[in-house]
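# Per-entry structural report
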Protein chains: 2
Amino acid sequence: MNIGISRLSNGLTIVTDPMPQLESAALGVWVNCGARNESRPLMGVSHMLEHMAFKGTERRSARGIAEEIETVGGFLNAYTGREQTAFHAQVLKADVPLALDILADILTHPTFDQTELERERQVVLQEIGQARDTPDDVIFDHLQATIYPHQPMGWPILGEDDTVAGFSRGDLQSYMAGNYRAGSMVVVASGAVDHEMVVRLCEEKFSSLPPGTTPTPATAQWIGGESRVADDLEQAHMTFAFPGLCHTDPDIYALQVYTMALGGGMSSRLFQEVREKRGLCYTISAMAQSATDGGVVAIYTGTGEQEAREIAPVVAGEMAALASQPGEAEITRARAQLKSALLMGLERPANRAEQLASQLLTHGRIVDVGEQIAKLGEVDAAAIRRVGERLMATERPAMASLGPVGKLESFGTFAARFGGTVAMRAAE
Amino acid sequence: MNIGISRLSNGLTIVTDPMPQLESAALGVWVNCGARNESRPLMGVSHMLEHMAFKGTERRSARGIAEEIETVGGFLNAYTGREQTAFHAQVLKADVPLALDILADILTHPTFDQTELERERQVVLQEIGQARDTPDDVIFDHLQATIYPHQPMGWPILGEDDTVAGFSRGDLQSYMAGNYRAGSMVVVASGAVDHEMVVRLCEEKFSSLPPGTTPTPATAQWIGGESRVADDLEQAHMTFAFPGLCHTDPDIYALQVYTMALGGGMSSRLFQEVREKRGLCYTISAMAQSATDGGVVAIYTGTGEQEAREIAPVVAGEMAALASQPGEAEITRARAQLKSALLMGLERPANRAEQLASQLLTHGRIVDVGEQIAKLGEVDAAAIRRVGERLMATERPAMASLGPVGKLESFGTFAARFGGTVAMRAAE
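The structure presented is a predicted model; accordingly, all values stated were derived computationally and were not measured. (Residues numbered from 1 in each chain as written. Chains lettered and ligands numbered in written order. Predicted model: local features only at pLDDT ≥ 70, side-chain atom pairs only at ≥ 80, totals over all residues.)

## With respect to the interface of chain B and chain A
Of the residues lining the interface, 54 residues belong to chain B; the matching set on chain A comes to 54 residues. Looking at the side of chain B that touches chain A, the elements with two or more residues in it are helix H2 (62–71), strand S5 (85–92), helix H4 (114–132), helix H10 (269–277), strand S10 (294–303) and helix H12 (328–345) of chain B. Of all the elements, H4(B) adds the most residues to the side of chain B that touches chain A, at nine residues. A per-class count over the side of chain B that touches chain A returns 14 nonpolar, 23 polar and 17 charged. (Contact = placed C-beta atoms within 7 Å. Helix = DSSP H or I, 4+ residues; strand = E, 2+ residues; numbered from the N terminus. Nonpolar A, V, L, I, M, F, W, Y, C, P; charged D, E, K, R; others polar.)

## With respect to the relation of the copies chain B and chain A
Of the two same-sequence chains, chain B is brought onto chain A (RMSD 0.0 Å, axial shift 0.0 Å) by a rotation of 180°. When the rotation and shift are considered jointly, the pair of chain copies conforms to a two-fold rotation axis. Of the C-alpha atoms belonging to chain B, the one lying closest to the rotation axis is found on Thr134(B), 2.8 Å away. (Least-squares fit on C-alpha atoms with pLDDT ≥ 70 in both.)

## Side note on the packing of helix H1 (residues 45–52) of chain B against helix H7 (residues 169–179) of chain B
Residues and elements named next belong to chain B. Two numbers describe how H1 lies on H7: the axes approach to 10 Å, and their chain directions differ by 100°. By the criterion of interaxial angle, the relationship of H1 to H7 is roughly perpendicular. Across the interface between the two elements, Val 45, Met 48, Leu 49 and Met 52 of H1 pack against Asp 171, Leu 172, Tyr 175 and Met 176 of H7. Looking at side-chain class alone, the contact of H1 with H7 contains seven nonpolar, no polar and one charged residues. (Axes fitted to C-alpha atoms, helices over the stretch in contact; angles between N-to-C directions. Parallel < 35°, antiparallel > 145°, perpendicular 65-115°, else oblique.)

## A word on the sheet that holds strand S3 (residues 24–31) of chain A
The strands making up a sheet associate through backbone hydrogen bonding, with each pair oriented either parallel or antiparallel. Residue and element names in this part refer to chain A. If you walk across this open sheet you meet the six strands as S1-S2-S6-S3-S5-S4, and the pairing is mixed. The open sheet has two free edges, formed respectively by strand S1 (4–7) and strand S4 (75–80), since each of these has just one partner strand. If you compare each strand with its neighbour and ignore which way they point, the axes differ by 15° on average. Two strands pair when backbone bridges link them, and strand S2 (residues 13–18) and strand S6 (residues 185–191) are joined in this way by six bridges, in the parallel orientation. Within the sheet, the bridge partner assigned to Thr 16 lies in S6 and is Ala 189. (Pairing = 2+ DSSP bridges.)

## Describing helix H11 (residues 308–324) of chain A
Residue and element names in this part refer to chain A. The terminal C-alpha atoms of H11, which comprises 17 residues, lie 26 Å apart, in line with the 24 Å expected from a rise of 1.5 Å per residue. Buried within H11 we find Ala 308, Ile 311, Ala 312, Val 315, Ala 316, Glu 318, Met 319, Leu 322 and Ala 323. Projected down its long axis, H11 carries its buried residues within an arc of 160°, all on one side. (Expected span 1.5 Å × (residues − 1). Buried ≥ 20, exposed ≤ 12 C-beta atoms within 10 Å, placed from the backbone. Arc of directions from axis to C-beta.)

## Notes on the nonpolar core
Counting residues in each nonpolar core, the largest one holds 133 residues, and the members touching the most others are Val257(A), Leu27(B), Leu103(B) and Val188(B). With near-sequence residues (within four places) excluded, Val188(B) lies in contact with Val15(B), Leu27(B), Gly28(B), Trp30(B), Ala353(B), Leu356(B) and Ala357(B). Among the nonpolar cores identified, the runner-up in size contains 132 residues, and Val45(A), Trp155(A), Leu172(A) and Ala241(B) belong to it. (Core = buried A, V, L, I, M, F, W, Y, C linked by C-beta atoms within 7 Å.)

## Details of the pairing of strand S1 (residues 4–7) of chain B
All names here are of chain B. Looking at chain direction, S1 and strand S2 (residues 13–18) are connected through four bridges and run antiparallel. Following the sheet pairing, Gly 4 is matched in S2 by Thr 16. The loop that links S1 with its antiparallel partner S2 comprises five residues; one of these, Gly 11, has a positive phi angle of about 105°.

## Some remarks on the environment of Arg348(A)
Residues and elements named next belong to chain A. Checked against the element boundaries, Arg 348 lands in the loop between helix H12 (328–345) and helix H13 (349–363). The class of Arg 348 is partly exposed, set by 18 C-beta atoms lying within 10 Å. Residues Arg 348 and Leu 22, spaced 326 residues apart in sequence, show a C-alpha to C-alpha distance of 9.8 Å.

## A closer look at the sheet that holds strand S8 (residues 236–243) of chain B
Residues and elements named next belong to chain B. On the basis of which strands lie adjacent, the open sheet formed by five strands has the order S7-S11-S8-S10-S9 and mixed pairing. Each edge of the open sheet carries a strand with a single partner, namely strand S7 (225–230) and strand S9 (284–291). Taking the axes of each pair of neighbouring strands and ignoring which way they run, one obtains an average angle of 15° across the sheet. For S8 and strand S11 (residues 398–403), the ladder comprises five bridges, and the chain directions are antiparallel. Bridging across to S11, Thr 239 finds its partner in Ala 400. Together, S9 and S10 form the strand contacts of H10, whose direction differs from that of S9 by roughly 150°.

## So, the domain arrangement of chain A
A common way to express how large an interface is: the accessible area buried when the components associate. Residue and element names in this part refer to chain A. Partitioning chain A into domains gives domain 1 (4–206) and domain 2 (225–427). Look at where the C-alpha atoms of domain 1 and domain 2 centre, and you get two points 29 Å apart. Between domain 1 and domain 2, the residue contacts involve 30 residues of the former and 26 residues of the latter. Contributions of two or more residues to the side of domain 1 that touches domain 2 are made by S2, S3, helix H5 (135–147) and S6. The element best represented in the side of domain 1 that touches domain 2 is H5, accounting for nine residues. Residues of the side of domain 1 that touches domain 2, tallied by class, amount to 16 nonpolar, 10 polar and four charged. (Domains from an automatic or database assignment.)

Written out as structure tokens, the structure reads:
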């Protein structure tokens, strides 16, 4: 990798990551602002802003934006997270200047037209309806709300019907003015790109972004507990969650290895025990998500009404077993899986751009691939026991379930499987 | 591209597609056999076989297969379609021989162990449950059954609860013996691969595959009609379908351009009219699927109960407008989108391997990228009118809906918007 970094006088960081063999480029603007930066009445405004950016600028209509990028066969898209919002494009080599021009235009001169806003509200309400119809999507909103109740970190990214109905044009404008600050934004371009050209174009087009940084949101407080929604679905959809680690925690690599060994692939403990040995589910997976001030380790599965009874004790049992007696083979395997996912990810420009942006916004620097691989290589059984013990020590986990979930054990029974040390529990 | 093709004496085709700049490879075995090759009592057996191939061989246990590939950080997966089944892997360069060895082993010496089969039945029943809980997944099964009722082409790929409960070990063995014939199978490896090495390994490992070809399934008959399932969902999920074109139809490129212009991106007619102008939905898209003996052009969207009333006339109206007066700009744009999707797809080995396999199984040859781009470039307004007229002439379209769909217009009303020629309708 031959990464170039420049900074404009307003604080905007520009990163280029040339892949000379490619004919296309992936580029985008990442903003260090997302749903957790919202106040209660503005729940969902980050996501609405993301939608409205595409709805016209001083120079371009909404239809014009769509037509212009697609006329050159480009793709333009965006997403909103809890801590970041991204606007990104994928284009052929010759169209990098056009993509940068459109991205800059929608972020520096959006009009947030009132008629477009009224229409887009309806679109977002349909998006919320679609999410509600997808159990393995909506259950993660329930889980997040259970972990962080009455806090921005626990709110649904899309907002709720009443807040989406209430946003005004002024709300969008002042939210953008307050949060979309050049010092908290990065432009990243991977693939068929040239550093000098990208920097020159960014100087021309992004210099009007206001300086300064996005205000830091309040620290999230893990509360935990249960959400259980009985519903007429085929499967009992279940998630279980435990406090994870923030981006910069030194044990973050160990937690990745633990989570991979627990439920990251076909050979993982949960896949082998729940699907392969017991035949209880089609999907089971564990994931570790990190934020600035904490993180979440979550497990998702879906099973039948009767089978739901078996799941929670098995999840707790495998977590405890991995925390107390991690095997050398499973650690080696999980490290290899993470390493090859990292290397294969380097072959895709969109993936590289996203990784680079995330590193800059969360670590303030590019984390070299060699460094990542070395850190993964250092994860040993002691580190796995350390992060595993920490998860097992959770006094108050979180649990969200949806569907025919009457047979799932009570939250109290589940929570009692955690807390204290593994040694204490073994001695009981 | 520097593609190598060899053929073993049993008829197995081996294709390599080296991408010298890569450190990883995507490789797999594609079989010209899928759900439409099944008899009624064996509905779902192709998919069950795909699952059971991973459940142990004479040399490897199910767990051994998972552990062996993941120990080198590789990914192993499979999927079943209506005409094809694929078993594929992604590994780092050095592990190509291991991946080929595992793929060959599971396809030449699977044991289909009885205990594993009983357990895997439960896993597949859970997979069916999960699909039923996902409206924008299950609705396509309803649509397919409506288009091709009482025919293998219309059956759900996963099978149904009663057929999945009934498969015996012998069923799997005889289905495999009859259909997994070397002359109807291709091995494709893209990325960090070497032709001579891949061919040598395939000779060693795949020579025991039986010669011959998969029996050709019965021709599918488009019947069409309606499936309407009232259900307590947030959105009215709707699909509309029309007879498309088979893989080898000379108008296949024109149909791709038509479908892209109709509902392929943000600038497409349906996206602009239904989402951007009317704010009725979050998702609307049109897709063209091809098979050996026909195809399906389908449109999917989800909207609210009241809004469902508006959808069908708008879909029919945009289809007619595009068929009668296609704009030069929208044709140019759709061609550019298809061309750049094709070029960007070439940058990913998994995508290349899949494309090459599909071309060999459906055309019997590699279709050069230059040829594809030239054919796309030839699509003009006359070709769009021709394929559009053909869709509009549909005497009996198909419609599947799910959710609060009481306001969706009747099938009779919708079908009456089609049939005859555009000129006839204009004269009415």
